[in-house]
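Given next are the chains, with one letter for each unit.
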Amino acid sequence: MSVWRRYLVKDVTGRLVDLPSRLLDRADDGTAPLPHFAGRCVEVVAAVIVGDREAQARVTELAFTKLYFDQMGYVDAAKRERMIRLMLESCADRRCPPPRRGKGPDGCAHLSRRAVAARDQLIREFGWEPKPAERDAALSRLDPARLRAAPPEPMRTLH
């Protein structure tokens, strides 16, 4: 059984196109830019796929996010660091001990506010909430069997 990553990016026409992981890795580690993404924010579908490459491979994780590129076409390091910092801050409230009867944990209200603010900022700057058609397009490219097995959405009726 194999585990691998696949990336799709939304092009200027709105279609999802493949972005080979080796190209993204090289743009991320600073060894080769992606000039057509220079200075842009790109909506990316990141998938982790598990299984046999010839048959029965399934998407086990699917993320829709925004990725920022610098003016040269490399992944923007400052934006990447900001995303990581916000991700860490978004977990700040998890450091609070469970509340004991009659006692509220000291400082946890502050940590909770900080975590909520970080999660909100993460969603605003790095989140991409795909439309159902975009989600289905990604699944049809990455895991068509999963899309076919999904229960149909209820039909809307006019009353």
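Data block above holds the structure.
Described below are features of the structure shown in this document. All values derive from a computational prediction rather than experimental measurement.

Here we take up empty space enclosed by the protein. Counting across every chain of the model gives one cavity of 30 Å³ or more. The computed volume of the largest cavity comes to approximately 40 Å³. Together, K66, L67, Y68, V75, D76, K79, R80, M83 and F126 line the largest cavity. When residues of the lining of the largest cavity are traced back to their parent elements, those giving at least two are β4 (58-68) and α2 (77-89).

This part takes up the layout of surface pockets. Of the pockets and cavities examined, the largest pocket occupies roughly 520 Å³. Around the largest pocket, the lining comprises 21 residues; the ones closest to its centre are A46, A63, T65, K66 and M83. For the lining of the largest pocket, the elements supplying multiple residues, two or more each, are β1 (2-10), α1 (21-29), β3 (41-51), β4, α2 and α3 (108-126). Of the residues forming the lining of the largest pocket, the biggest block, five residues, is contributed by β4. Considering only residue class, the lining of the largest pocket consists of 13 nonpolar, two polar and six charged.

This next bit is on the environment of Y68. Its place among the elements puts Y68 in strand β4. The exposure class assigned to Y68 is buried, which follows from its relative accessible area of 18%. When the C-alpha positions of Y68 and G39 are compared, they lie 7.5 Å apart, and in sequence the two are 29 residues distant. Non-local contacts of Y68, meaning those with residues more than four positions away in its chain, are made with R40, C41, Y74, V75, D76, K79, E125 and F126.

This part takes up the sheet that holds β3. The strands making up a sheet associate through hydrogen bonds between their backbones, and the pairing can be parallel or antiparallel. The strand order across the open sheet formed by four strands is β2-β1-β3-β4, and the pairing between neighbours is antiparallel. Because the sheet does not close on itself, it has two edges, and the strands there are β2 (16-19) and β4. Taking the axes of each pair of neighbouring strands and ignoring which way they run, one obtains an average angle of 30° across the sheet. Packing of α1 onto the sheet brings it into contact with β1, β2 and β4, and relative to β1 it is tilted by some 75°.

The geometry of α2 relative to α3 is characterised by a closest axis approach of 8 Å and an angle of 145° between their N-to-C directions. As α2 runs across α3, the sense of the crossing is left-handed. Of the residues in α3, those in contact with K79, R82, M83, L86, M87 and E89 of α2 are R114, A115, A118, Q121, L122, E125 and F126. Looking at the contact of α2 with α3 residue by residue, the class counts come to seven nonpolar, one polar and five charged.

Tracing the chain through its elements places S90 in the loop between α2 and α3. For S90, a relative accessible area of 9% puts it in the buried group. Once residues within four sequence positions are removed from consideration, S90 is found in contact with A115, A118, R119 and L122.

Let us now look at the pairing of β1. Bridging between β1 and β3 involves eight bridges; their strand directions are antiparallel. Each bridged residue has a counterpart across the sheet, and for R5 the counterpart in β3 is V48. With four bridges joining them, β1 and β2 adopt antiparallel strand pairing. Residue K10 lies in a different strand from β2, and its bridge partner there is L16.

Of all the residues in helix α4 (residues 132-142), the buried ones are E134, A138, L139 and L142. An end-on view of α4 places all buried positions within 135° of arc, on one side of the element.

Scoring rules and cut-offs
Residues numbered from 1 in each chain as written. Predicted model: local features only at pLDDT ≥ 70, side-chain atom pairs only at ≥ 80, totals over all residues. Heavy atoms only, no water. 1 Å grid on protein atoms, 1.4 Å probe; cavity = no way out; pocket = protein on both sides within 12 Å on 5 of 7 lines; lining within 4 Å. Points joined across faces, edges and corners; volume = space filled by probe spheres on them. Helix = DSSP H or I, 4+ residues; strand = E, 2+ residues; numbered from the N terminus. Nonpolar A, V, L, I, M, F, W, Y, C, P; charged D, E, K, R; others polar. Buried < 20%, exposed > 50% of the residue type's maximum accessible area, 1.4 Å probe, protein only. Contact = heavy atoms within 4.5 Å. Pairing = 2+ DSSP bridges. Axes fitted to C-alpha atoms, helices over the stretch in contact; angles between N-to-C directions. Left-handed = near helix turned anticlockwise from the far one by under 90°. Arc of directions from axis to C-beta.

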